[in-house]
Amino acid sequence: MTAQRRGLRGGVAMMLAAAALTVTACGGATAPAGSPGSGSGASTTATTTATVPAAGAKTLTVAIPGDPIGFDPYLTADANTVALTWNLYDQLVTVDAKGNLQPDLATSWSYSADGRTLTFHLRSGVRFDDGHTLTSADVKSSFQRMLDPATKDPDASDYRVIASIDTPDPSTVVMHLSSYDAALLSDLALPFAAIEPAGVDLATLKTKPDGTGPYELSSWTPGQDVVLKANPHYWQPGLPHIPTVDLKIVPDPATQIADLLAGSIDLLPGLSGQQASQLKGNSGVTLTSAPSGNIQIMAINNARKPFNDVRVRQALSLAVNRDAVVQGAWFGYATPVGTFLPPNSPYYSPQPTPYDPAKAKQLLAQAGYPNGFSSVLDLPSLYPVHVQTGQVIAAQLAQIGVQLKLNQVEWATWLSQDYAKRQYDLTIISHTGRLDPDTLLVRFTSTYPYNYENYRNPAYDTLIAQGRATQDVAKRRQIYAQAQQILATDVPAVFLDVSDNIAAMLPSVSGWRWLPLAVEQLAQVQMK
Amino acid sequence: MARFAAVRAGSAALTLLVMTAVTFIVLQVLPGNPALLILGMDADPAAVARVNAALGLNQPPPVRYGLWLWGALHGSLGTSLQFSQPVTTLLLQRLPLTLSLTAMAAGFALLIALPLGMVAAVRRGGLLDLLADALAQVGAAVPAFWLGIIVLMAFAVRRHWFPAGSFPGWNHPGAALLALLLPAVALGVARAAVLTRLLRQSVSEALHQDFVRTARAKGVPPGRILWRHALRAAAIAPLTVFGLQVGELLAGSIVIENVFSLPGLGRLVLYAISTRDLPTLEGCVLLIATLVMLANFAVDLLYAVLDPRLRSAA
């Protein structure tokens, strides 16, 4: 059934490409730009229309692949959810497009000399959707709730060094840390560290979010859409630009493209390379791409034979032609890598990715497999790109005698069997880097709960622990360079590529910017 | 009559019980951890364990099924694991769409099949008969999801006559019905094909029966013979199939709602399976099974209307 549908999609792709050629002329068929001043009689002064350009009854329609799991960023780490809540809440700090930390609800912050105290000064005049003004009490209660085991926050362990919080005055927050944690400050810029209001019924936040962000929730009809409206009290002057955003839930990739070409959606964030290649050259659609923090790997179960032999794992890495994967699965929208950090990380240390099947065969022979072996490659069917990558890699590995049986696995099964229970030989998946290098590299430490590769290397564990405790950036970079070298030699997984974030939009839409986080940043988006 | 109704109700209750039990068992056999699906890939295992406990998922399966059944008998279908909304609310939100889609698809099927089947039966071997036959062959062979994508491309992407995929919501009834038109057609074509062939067959058989000859001999006009006598006698078989088709249409809506991104019961079913959302899935199964049984019951009543012999027997 799945294979049938996939074949079909290929056909649709060709049809779409054909259709795209004919619809270029009507691609921008959305509502015409409202002439300023021609709005309702209520807008009396000319200045209001000038500062809020074309603030008519405009709605930006966006396609998203699935429903959020509620709107409380403390209750899930689900990507669809936090991509949305990013627009409803603010954090103490945020990031710019280059990944540098920027002020958000905190205007400034400083560490004590020993790195055990972190002080924030809060912005004044920030209001929650419920109308009350942000104070240090809101920040304190947010982290108390997040770290309370009863909340069941899946990300709480990233913030576990926060031992206690003092609020000497309404605009100052002092965090006392059990130890210095180099990742903490950038973790505080993640959507998981959103500041929630104090003194409200927190159980309702899942369906009735109450934040300080540029948008507030207007309605949610599961399976249909999420409607956001601009927060009239948002602290950044002039933002957001668009009064209403309608996020339609459109799971099918072919339908997403059809919707965009038909003009029934304005913006499609998170395209696959295949979708982007269909739209390329279509003058009715603008494509914006930027490297993401998404690293695709072929995970190897290091505890299983023959993968417990490092020569076998090295052979796999040498026999994979990453350029062919980038072309075949990502349609060019990716960059090959040989390590577990993306090139846009300041801690990235490039590792060679030679394609050398002859040497791979040699290594296999040394390991006792001169004729290769057969194994099973699990492919999560929810992600067509991983399935396509698997097909490309299976053909490549067949050339060194490694026969892979492709086994498509439904997502819930993959999560429980391959990922949580570690029952697999080989599988293909992407891991999303957050801001700090530790969030990715820690995955290969022996004690990490989801080290599903079963990789164990005490030297590596020590380096990662050191890196997390080191304040000096240059020294930290050195430590992580060493760690990445170990990964390149030990090959606990075959590191394949870093994909691009791609968004497609109608020409009337501008201001979309990708952050190095998997979030949808709507406040800056404008419509003609 | 009362005994008939009691037997009928009893078998309906048993069917529902078996269906929900099978659904429960299947979801137990499938690997998957609902808490991990809710919390996300990077979730702290301690939080996963606490969520599983909070959802009652660490209780033995028979206890969980028993609790669900007890709730259902008392009118509570529980809360969706993924949406954290009452299952009843979710079902009621989505029922209108699937019912409208099914009704429109069934209506479309009748609209095509009735005239085409009749004409083909009267003019056997004629051009229209050939056309009807060809249409029926193609219609039955083309899968609904493929046809769905084709009409989507043709009428929503190339010509902007219809919305491509996203549903405008019931606040705009006109636009909502328009959004259902293409999927209804895609869904209805195969049923129209089957019905056309069946009608052609049974009507042309009826036209050769003795009572038609008698009516003709009595001088009843041909139109009246066809529509009142022959169709009435010939309708039993197509009607039976039409009743079965309601079930097929509901099943087909699972696929077609996904192609057109329509927020109906069909998509809820698929979502509930893929997220291991047991209360939601059980609610969907219960509702869809009830709808199919109601459709079959309606067909049984129609038999009695069409055939006086069945009326007296009941």
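Rules and cut-offs
Residues numbered from 1 in each chain as written. Chains lettered and ligands numbered in written order. Predicted model: local features only at pLDDT ≥ 70, side-chain atom pairs only at ≥ 80, totals over all residues. Heavy atoms only, no water. Domains from an automatic or database assignment. Contact = heavy atoms within 4.5 Å. Buried area = accessible area lost by both parts, 1.4 Å probe. Salt bridge = Lys/Arg side-chain N within 4 Å of Asp/Glu carboxyl O. Polar contact = N/O pair within 3.5 Å; in protein donor to acceptor, adjacent residues only side chain to side chain. Helix = DSSP H or I, 4+ residues; strand = E, 2+ residues; numbered from the N terminus. Pairing = 2+ DSSP bridges. Axes fitted to C-alpha atoms, helices over the stretch in contact; angles between N-to-C directions. Phe/Tyr/Trp six-rings, centres within 6.5 Å; stacked < 30°, edge-to-face > 60°. Buried < 20%, exposed > 50% of the residue type's maximum accessible area, 1.4 Å probe, protein only.

Considerations on the domain arrangement of chain B
Residues and elements named next belong to chain B.
Now for step 1: Each assigned domain of chain B is listed here: domain 1 (2–73) and domain 2 (87–313).
Now for step 2: Distance between the C-alpha centres of domain 1 and domain 2: 32 Å.
Now for step 3: Each partner contributes to the interface: domain 1 provides 17 residues, whereas domain 2 provides 16 residues.
Now for step 4: Contact with domain 2 buries surface across domain 1, with Arg-8, Leu-27 and Trp-68 losing the most and accounting together for 36% of the total.
Now for step 5: Between domain 1 and domain 2 we count zero salt bridges in total.
Now for step 6: Where domain 1 packs against domain 2, one counts one residue pair in polar contact (both at pLDDT 80 or more).
Now for step 7: For the side of domain 1 that touches domain 2, the secondary-structure elements that each account for two or more residues are α1 (2–29), α2 (34–39) and α4 (61–73).
Now for step 8: Counting residues per element, the side of domain 1 that touches domain 2 draws most heavily on α1, at nine residues.

Some points on the sheet that holds strand β5 (residues 117–122) of chain A
Residues and elements named next belong to chain A.
Now for step 1: Strand order in the open sheet formed by four strands is β4-β5-β7-β6, with antiparallel pairing between adjacent strands. Across the chains shown, the open sheet's two edge strands, defined by having one partner strand only, are β4 (106–111) and β6 (162–169). Across the sheet, the axes of successive neighbouring strands diverge by a mean angle of 20°, strand direction being ignored.
Now for step 2: Bridge count between β5 and strand β7 (residues 172–177): five bridges; the pairing is antiparallel. Paired with Leu-118 across the bridge in β7 is Met-175.
Now for step 3: Sheet strands in contact with helix α4 (residues 136–147) are β5, β6 and β7, and its direction is about 165° off that of β6.

Digging into the side chain of Asn-454 of chain A
All names here are of chain A.
Now for step 1: With respect to the helices and strands, Asn-454 occurs in the loop between α13 (438–441) and α14 (458–469).
Now for step 2: Within the structure, Asn-454 has its side chain in polar contact with the side chain of Asn-301 (distance 2.9 Å).
Now for step 3: Ignoring sequence-local partners within four residues, the contact set of Asn-454 consists of Asn-301, Asn-302, Ala-303 and Arg-422.

Examining the packing of aromatic side chains
Residue and element names in this part refer to chain A.
Now for step 1: One pass over the full model with this rule turns up 24 aromatic pairs over all chains.
Now for step 2: Relative to Phe-373, the ring of Tyr-369 lies with its centre 5.5 Å away and its plane at 65°, an arrangement referred to as edge-to-face.
Now for step 3: Taking relative accessible area as the criterion, Tyr-369 reaches 23% and is therefore assigned partly exposed.
Now for step 4: Measuring from ring centre to ring centre gives 4.8 Å for Tyr-419 and Tyr-450, while their planes differ by 10°; the resulting arrangement is stacked. Here Tyr-419, found in helix α12 (residues 411–420), pairs with Tyr-450, found in the loop between α13 and α14; they are 31 residues apart in sequence, far enough to count as distant.

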